[in-house]
Structure formats: structure tokens, C-alpha cells
Amino acid sequence: METGTIRRDELVGGLDLYRTLESGQTYLWRRGDGDMYGGTPAPGEWYVTVVDGEVIRVRTTDDALEWESTTDAEPTVRRLLRLDDDLEAIVDAAPDDPLLDDAYEAHRGMRLVTDPPFGTLISFICSAQMRVSRIHSMVSTLAREYGDEISFGGETYHAFPTPDQLATATESELRDLGLGYRAPYVVRTAEMVADGKAHPADARELEYEAAREFLCQFVGVGDKVADCVLLFALEFDEAVPLDTWLRSAIEEYYPDCDRGSYAETSRALRERFGGEYAGYAQTYVFHHLRTGD
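What you see is a predicted model; the values in this text were computed from it and never measured.

Caption draft 1: Quick peek at the pattern of salt bridges. The final tally for this structure, using the stated rule, is 20 salt bridges. Residue R31 is joined to D33 by a salt bridge in which the shortest nitrogen-to-oxygen separation is 2.9 Å. Judged by relative accessible area, D33 falls into the partly exposed class, the value being 39%. Here D237 makes a salt bridge to R82, at a shortest N to O gap of 2.8 Å. Separated by 155 residues along the polypeptide, D237 in the loop between α11 (223–232) and α12 (244–253) and R82 in the loop between α2 (74–80) and α3 (87–93) bring together distant segments of the chain. By relative accessible area, R82 is classed as buried at 5%. Several salt bridges share partner residues, and in doing so they unite E22, R31, D33 and D35 into one network.

The following block contains the structure:
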């Protein structure tokens, strides 16, 4: 077992691990007490994910982020949790906006994540019209049923399935697992990736709006899901996914940003949120409105 610590006072802007991993950005982490997305923080609890076959566990103490892994995981932990982002500079660069100011103040230390692209794509295909806790349950079920089983530190974990593994699933099986109408979307998208027709990671090389269009070729992916993949897996920090909460924010706080179409409305809100780090602003506003803080 490899272990390490990263001092929290070295992370500019701090780190709130609970808000980072339970704010609706990621469904590929598990919490040690089994209460992921239960709505209650668990100080000192381990969070775990599996990346490229390696188990990674992280938790925060008063002064450090601790990690344990099957490999030397510090570079991966820094990338997954965006620990090198200068949160203070990002907040300082944000436009003067009362809702955004409140969100940044209420959720200090929440960072964006960078999850593996395929798992993120499938997670957000599953997200349509679902609560965050139910999405997490679906994704965990897919890992348990189709992913590799890995033992580590006296526990058994499951990696999210590879495209080849998930492509072996049938629509009927996934419906039985609770995916409902999303089942054929998941199967068809997994088949597309497994067959080499396209991979979500390929969008990384494109300009932002072209990347969003590229991701929409996957079955079950519209503009909002594509934006989530761009923001939470491919580091397009300008992406602004327009979900129910953001559309409510537009109606109440930014009615002038409603331009009729998704593309134009998203572009207008992106400009209102400052452009380069508009995705950070979106994530803070989403979490702020969803939790009612």
C-alpha cells in the first residue's frame, strides 16, 4: 500500500472534500460509510475511486489531505481533485454578482473534478430526470455488475466497467437494474466506444462548442450532458451545463440571458459568469441552489 499527505495550507483557496465530491459533479467516487449523497458531511471519512485499475482512497484531516492507493497516486489525486487550481484567483476573477458572491462564500473550498471521460459520459446519460443519490446508485450498480473487482486494504471495490465490459450488457439487463429508458442509451454508447467509432476523450482536442457537438453523437447525449462531460472530465472550464437549477436561476436572476435556444442561452450565461471559469461559477450556483444554503 502506498500512502501520502498533501498539506491543506498549500492548496490555494482550500479544499472542502465533501462539497467537491458530493455536489453533483461526480458519481464515480464512493464514501466509506455508504452514505454518499445522503446530505450529511462525514468529517474524516474515506472516499474511494478506481482509476485505470488502481484503487485510490482520500480523506481530509484538520491540516492535510491523506491518500492511500495501490500505486503512487499523488499526481492522480491532484488531477482528479484539481488541487493545483488557484481558487482564490478564480473567485477574484468572477464578475460582481450577488447570487454568485453568495455561492462562492457559502461553499468555500469546493473544487471542480476531473473524472475519467467514459465513466463520466455514462454517469450523465443516467442522470436524466434523476436525483443525485439515485444517479450515484445506478452508477455504483453498473460498477458492481460489470466492472472488475479489486481487493485493497481489507475491502473489495469495483472499477467502473470499461467500454468493452459495458457493451456486453443487454438492454433488458440494464432495465432490470433500474436504468429504465436510459438502458438502450447506455448500451448503444458503450458499443460505439468499444467498436472504436468514437471516444469521449477525443473531444479534448477540439474547440469548446465543437467539442460539445462532437459529444452529442453518442446515444442519449444532448447539449446538457455533453457540457457536463466537458466540464467534469475534460477540463473545459468555460462549459455551463443548463440543468433545471440553472434554468431556474436564469428565470429568477438572469432573464436577459434566456435567448430561446440552449446554445445561445448557454453562451449568454457563460459571458455573464465571466467566460474562462464560467463552469466553476455554474457548479457553485448549482450546488448553492440545490442545497438551499
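Still more ground to cover, so stick around.
Caption draft 2: Inspection of the sheet that holds strand β2 (residues 30–31) at higher detail. The strand order across the open sheet built from five strands is β1-β5-β4-β3-β2, with neighbouring strands paired in antiparallel fashion. Either end of the sheet is taken by a strand with one partner, and the two such strands are β1 (2–7) and β2. In the sheet, β1 pairs with strand β5 (residues 64–69) via six bridges, with the strands oriented antiparallel. Each bridged residue has a counterpart across the sheet, and for T5 the counterpart in β5 is E66.

Caption draft 3: Quick look at the packing of aromatic side chains. Inspection of the entire model under this criterion finds eleven aromatic pairs. Judged by centre distance (5.8 Å) and plane angle (25°), the ring pair of F124 and F232 falls under stacked. Of the two residues, F124 sits in helix α5 (residues 117–125) while F232 sits in helix α11, which places them 108 residues apart along the sequence. When its relative accessible area of 3% is taken as the criterion, F124 is described as buried. For F232, a relative accessible area of 5% puts it in the buried group. Here the aromatic rings of Y181 and Y185 are separated by 6.1 Å at their centres, their planes lie at 75°, and the arrangement is edge-to-face. An aromatic cluster is present here, built from Y27, Y37, F124 and F232 joined pairwise through their rings. Over the ring of W46 we find R57; its NZ or CZ atom is 5.7 Å from the centre of that ring.

Caption draft 4: Helix α10 (residues 208–215), seen in detail. Of all the residues in α10, the buried ones are Y208, A211, R212 and L215. With its buried residues spanning 100° around the axis, α10 presents them on a single face. Buried residues belonging to α10 abut α11 and α13 (262–272).

Caption draft 5: View of the pairing of strand β7 (residues 155–158). Both strand β6 (residues 149–152) and β7 contribute to a ladder of four bridges, which runs antiparallel. Following the sheet pairing, F152 is matched in β7 by E155. In sequence, β6 turns back onto β7 through a hairpin of two residues, with G153 there showing a positive phi of about 60°.

Caption draft 6: Summary view of the environment of I122. Following the sequence through the fold, I122 ends up in helix α5. Residues I122 and T189 lie 67 residues apart in sequence; the distance between their C-alpha atoms is 8.0 Å. Every residue in contact with I122, bar those within four places of it in the chain, is listed here: L142, F160, L166, V186 and T189.

Caption draft 7: The arrangement of helix α6 (residues 132–146) in detail. A rise of 1.5 Å per residue sets the reference length of α6, with its 15 residues, at 21 Å; its end C-alpha atoms lie 21 Å apart and thus fit the reference within 8%. Contacts made by the buried residues of α6 are with β2, α5, β7, α7 (163–167), α8 (171–176) and α14 (278–291).

Caption draft 8: Inspection of the side chain of S123 at higher detail. Following the sequence through the fold, S123 ends up in helix α5. Taking relative accessible area as the criterion, S123 reaches 1% and is therefore assigned buried. Every residue in contact with S123, bar those within four places of it in the chain, is listed here: Y27, L28, I135 and V139.

Analysis parameters
Residues numbered from 1 in each chain as written. Predicted model: local features only at pLDDT ≥ 70, side-chain atom pairs only at ≥ 80, totals over all residues. Heavy atoms only, no water. Salt bridge = Lys/Arg side-chain N within 4 Å of Asp/Glu carboxyl O. Buried < 20%, exposed > 50% of the residue type's maximum accessible area, 1.4 Å probe, protein only. Helix = DSSP H or I, 4+ residues; strand = E, 2+ residues; numbered from the N terminus. Pairing = 2+ DSSP bridges. Phe/Tyr/Trp six-rings, centres within 6.5 Å; stacked < 30°, edge-to-face > 60°. Lys NZ or Arg CZ within 6 Å of the ring centre and 35° of its normal. Arc of directions from axis to C-beta. Contact = heavy atoms within 4.5 Å. Expected span 1.5 Å × (residues − 1).

Function cannot be inferred from these measures alone, as they are strictly geometric.
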